[in-house]
Amino acid sequence: MFALPGIVALVVFIYVRPQEFVAVLAALPLLYAALGLAAFGGLVDVRLRLARVLEAPQLRWVLVFWLWCLLTLALKAPAEMRKILQLSVALSLFLVIAHAVQTFKSFQVLCAAMLALGLFVAGVCVHQGTSDFGCIRYVEESEKAAGTFDGRPCEEEDDCARGDAEPGANYLCERIGLFGTSSIAHGRVRYRGVLQDPNEVALAVSVAVPLAFAFRERRPSLLRTVLLLATLVVVAVCAVMTQSRGGQVVFCAVIGVYFVRKYGFKGMALGAVLALPLVLLGGRSDSDAESSSMERLECWYEALEMFRYNPVLGVGHEQFTEHHHLTAHNSFLLALAELGLPGVMIFSAIMYLSVKVPLVALRRYGDDPAARVARTWSMALLASIVGMIVGAFFLSFTYHFVLWIHVALVGAFYICVRRHDESFEVSLTLRDLLTVVAIDFTLLGAIFMYTRLKL
C-alpha cells in the first residue's frame, strides 16, 4: 500500500508538529510534501490494482461544502480568498485518507498511528501539568500561541517582571512542558499548532479512546488490556489538566456511547464509574466557569445575529472574527453565521453521514461472527464520531484538521467494508435529508431561545 506512509506522515505532522520545535525542519513544507506523497501513493496503488476507484458516501457533500465556502468568501470578502487554503488542505486530507486506505490491514495501521499520536499528545500534556512554573515571553498579539521560556522560575506573573526581565517584553507565568510547550491561563495544559487550545486537546485525545477499545477487542491479550487501561488513565488525567468542561463531556460521551451500545444498561453503569473521577476533578473554579459560559453565550448570540442579517450566504468563510472579537464556540453556529443556512445544512449532512455509516454497519454485521472486524471498528468509529460531534458543539471545529481526519476515517472504513461486501451501501436519502433539516431547525431554535433567555 504505497499511500499509507504518506498518510501516516500527514497525521504525524498535524498532531506532533515537529517542524515547530526542530529547527532544521522549520523551513521545509512537510505538510504539503506528505500530502503530495500520499496522493501519489494512492495513484500508484490504483495503477497497480492494489486499490480501486471507490467513492466515500460523504465525498459529494464535502465537495459541495468546499464550493459553498469558496462562493461565500468570493462574494463577501473577495480580498480574503487566501483563507480558503486551510480548508482546502483539510478537505484534501479527507479525500486522500478516505479513498486511499482500502484494506482493513492498512486501516488498522492508520488507527494505531492515531491512537499513538493521541497518547503522545496526552502524555506531553500530563508531563506539562506536573512541571514547574516558569516565565514565558510572548508577542502581545499572539498571547495564546506558544511563547519562549526564558529560564526563570516563577509563582505568579509579577515575578517575571522583576530581575532579569527584558524591558518592554510581555510575560506569562506558566507550566513548562516538553518540546517548547507551555500551559495557558496559569496552568491549563495544551500542546502546539492546531492543538494549542486546551479544549481542542481534550477533544482530540478523548476521541482516540475508542481505538484502544477496538484493538483490545480485535485480539484480547494482557498487553492490549494494559494499553487500554493506560489510555483511559492518561487521557482522563489530560482532560482534567486541561480544565475543559467540554473535554469532560466528550470523554463521558465517548465512554457512554461505547458501553451503552456494547453492554446495554450495565455498560452505562460501568461507563459512569469510569467517567466519575473526571467529573469530580475536572473543570475550573466557579467564577472562571461562569465567565466562560457567559462569553460562550455572547458568541452564540452574535452568531445568530450574523445569520439574521445574512441568512443565505452568511458573512463569508472565515469572516466571523471580522464581526466579533471571539469565534463562535460552536461548529454548527460558526457554519450558520459564516455560510448561511445552506452551509450549516451541508455541514450537518456530512456529520450525519459520518454517524450513519458505522451505525448501519453495526446493525448489518452485529450478529455475523465472520464480520467481527467490521463490527469492532464500526463500534469504535461510532463512539469516536459521536464524541467529535459533541465536542464540536462547544468548539469552533468546523474547519479543523482533526475533525476532517476523523470524518475521513469513516469514509475509509466504508470503502474497506465495500471491498469485502459490494452490497454494503450508505447514502443520504430524502428521509435522511429531512431528518437533518429537522435536527438543525430544532437545535438552532433551542439555542435561539436559550440565548435570549440568558442574555
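The coordinates are above.
In what follows, the accompanying structure is described. Note that the structure is a prediction, hence the values are computed from the model and not measured.

## Considerations on the pairing of strand β1 (residues 133-138)
Line of reasoning, step 1. The buried fraction of β1 is high, at five of six residues.
Line of reasoning, step 2. Relative to strand β3 (residues 170-175), β1 runs antiparallel, the two sharing six bridges. Among the inter-strand pairings, Y138 is bridged to a residue of β3, identified as N170.
Line of reasoning, step 3. In terms of strand pairing, β1 meets strand β2 (residues 148-153) through three bridges, oriented antiparallel. The partner of I136 across the bridge, within β2, is F149.

## So, the pattern of salt bridges
Line of reasoning, step 1. Taken as a whole and assessed by the stated rule, the structure comprises 15 salt bridges.
Line of reasoning, step 2. A salt bridge links R308 to E305, with the nearest nitrogen and oxygen atoms 3.0 Å apart. Here E305 and R308 lie together in helix α11 (residues 286-309), a separation of three residues that amounts to about one turn.
Line of reasoning, step 3. The exposure class of R308 is partly exposed, given its relative accessible area of 48%.
Line of reasoning, step 4. Classification of E305 by relative accessible area gives buried; the value is 13%.
Line of reasoning, step 5. Residue K356 is joined to D432 by a salt bridge in which the shortest nitrogen-to-oxygen separation is 2.4 Å.

## Looking at the packing of aromatic side chains
Line of reasoning, step 1. Tallied over the full model, the rule gives 16 aromatic pairs.
Line of reasoning, step 2. Centroid distance F104 to F413: 6.2 Å. Interplanar angle 70°. Geometry classified as edge-to-face. Of this pair, F104 sits in helix α5 (residues 104-129) while F413 sits in helix α14 (residues 401-420), and the two are 309 residues apart along the sequence.
Line of reasoning, step 3. The exposure class assigned to F413 is buried, which follows from its relative accessible area of 0%.
Line of reasoning, step 4. Each ring, one from F332 and one from F347, has its centre 5.4 Å from the other, and the planes form 65°; the classification is edge-to-face. The two residues F332 and F347 agree in class, both being buried.
Line of reasoning, step 5. Pairwise contacts between aromatic rings join F65, F332, F347, Y399 and W404 into one cluster.

## Details of the nonpolar core
Line of reasoning, step 1. F65, F107, W377 and W404 are the most contacted members of the largest nonpolar core, which totals 135 residues.
Line of reasoning, step 2. Of the residues forming this core, the biggest block, 19 residues, is contributed by helix α12 (residues 331-365).
Line of reasoning, step 3. Sequence-distant contacts of W377, defined by excluding residues within four places in its chain, comprise F104, F107, Q108, C111, L211, A214, F215, R218 and F413.

## Topic: the state of the cysteines
Line of reasoning, step 1. Summed over the entire model, instances satisfying the criterion amount to two disulfides.
Line of reasoning, step 2. A disulfide bridge connects C135 with C160, and the sulfur atoms are separated by 2.2 Å. One quick way to see it: the torsion about the S-S bond of C135 and C160 is about -95°, and its sign makes the bridge left-handed. Of this pair, C135 sits in strand β1 while C160 sits in helix α6 (residues 157-160), and the two are 25 residues apart along the sequence.
Line of reasoning, step 3. You can call C160 buried: its relative accessible area is 0%.
Line of reasoning, step 4. A sulfur-sulfur distance of 2.1 Å marks the disulfide that ties C154 to C173. Judged by the torsion about the S-S bond (105°), the C154/C173 disulfide is right-handed. Highlighted residues: C154 in the loop between β2 and α6 and C173 in strand β3, separated in sequence by 19 residues.

## Points about the environment of A392
Line of reasoning, step 1. Secondary-structure assignment places A392 in helix α13 (residues 372-392).
Line of reasoning, step 2. A relative accessible area of 1% places A392 in the buried class.
Line of reasoning, step 3. Between the C-alpha atoms of A392 and S331, which are 61 residues apart in sequence, the distance is 5.3 Å.
Line of reasoning, step 4. Ignoring any residue separated from it by four or fewer positions in sequence, one finds A392 in contact with N330, S331, F397 and L403.

## Describing the packing of α5 against helix α9 (residues 222-242)
Line of reasoning, step 1. Closest axis-to-axis distance for the α5/α9 pair is 9 Å, and the angle between their directions is 50°. With respect to their mutual orientation, α5 and α9 come out oblique. Pair α5 / α9 crosses with left-handed handedness. Together, L115, L119, A122, G123, C125, V126 and G129 of α5 and L227, T231, V234, V237, C238 and M241 of α9 make up the contact between the two elements.

## Here's the deal with the sheet that holds β3
Line of reasoning, step 1. Ordered in space as β2-β1-β3, the three strands form an open sheet in which the pairing is antiparallel. Edge positions in the sheet fall to β2 and β3, since each has one partner strand and no second. Across this sheet, the average inter-strand angle for adjacent strands is 35°, counted without regard to direction.

## A word on the environment of V139
Line of reasoning, step 1. Inspection of the secondary structure assignment puts V139 in the loop between β1 and β2.
Line of reasoning, step 2. Sequence-wise, V139 and N170 are 31 residues apart; in three dimensions their C-alpha atoms are separated by 6.7 Å.

Quick notes on the rules
Numbering of residues starts from 1 in every chain and runs along the sequence as written. Thresholds applied to this predicted model are a pLDDT of at least 70 for local features of residues and 80 or more for the giving and counting of side-chain atom pairs; totals over whole chains, interfaces and linings are not thresholded and use all residues. Hydrogen atoms and water are omitted, and side-chain values are computed over all heavy atoms in the structure. Any residue under 20% of the maximum accessible area for its type is buried, any over 50% is exposed, and the rest in between are partly exposed; the area is computed with a 1.4 Å probe on protein chains only. Helical segments are the DSSP runs of H or I of at least four residues, strand segments are the runs of E of at least two, and each set is numbered from the N terminus. Should DSSP find at least two bridges between two strands, the strands are taken to pair. The term salt bridge refers to a pairing of a side-chain nitrogen on Lys or Arg with a carboxyl oxygen on Asp or Glu at a separation within 4 Å. When two rings of Phe, Tyr or Trp (its six-membered ring) have centres within 6.5 Å they constitute a pair, described as stacked for plane angles under 30 degrees, edge-to-face for angles over 60, and tilted for the intermediate range. The definition of a nonpolar core used throughout is a set of buried Ala, Val, Leu, Ile, Met, Phe, Trp, Tyr and Cys residues joined through side-chain atoms within 4.5 Å. Whether two residues touch is decided by their heavy atoms; if any such pair falls within 4.5 Å, the residues are in contact. By convention in this document, the label disulfide applies to cysteine sulfur atom pairs within 2.5 Å. To get an axis, fit a line to the C-alpha atoms, keeping to the stretch in contact for a helix; angles then go from 0 to 180 degrees between the N-to-C directions. Should an angle fall under 35 degrees it is taken as roughly parallel, and over 145 as roughly antiparallel, whereas 65 to 115 is taken as roughly perpendicular and any remaining angle as oblique. Helix crossings get a hand from a simple test, with the near helix turned counterclockwise from the far one by less than a right angle marking a left-handed crossing and a clockwise turn marking a right-handed one.

Functional significance is not addressed by these values, which are geometric in nature.
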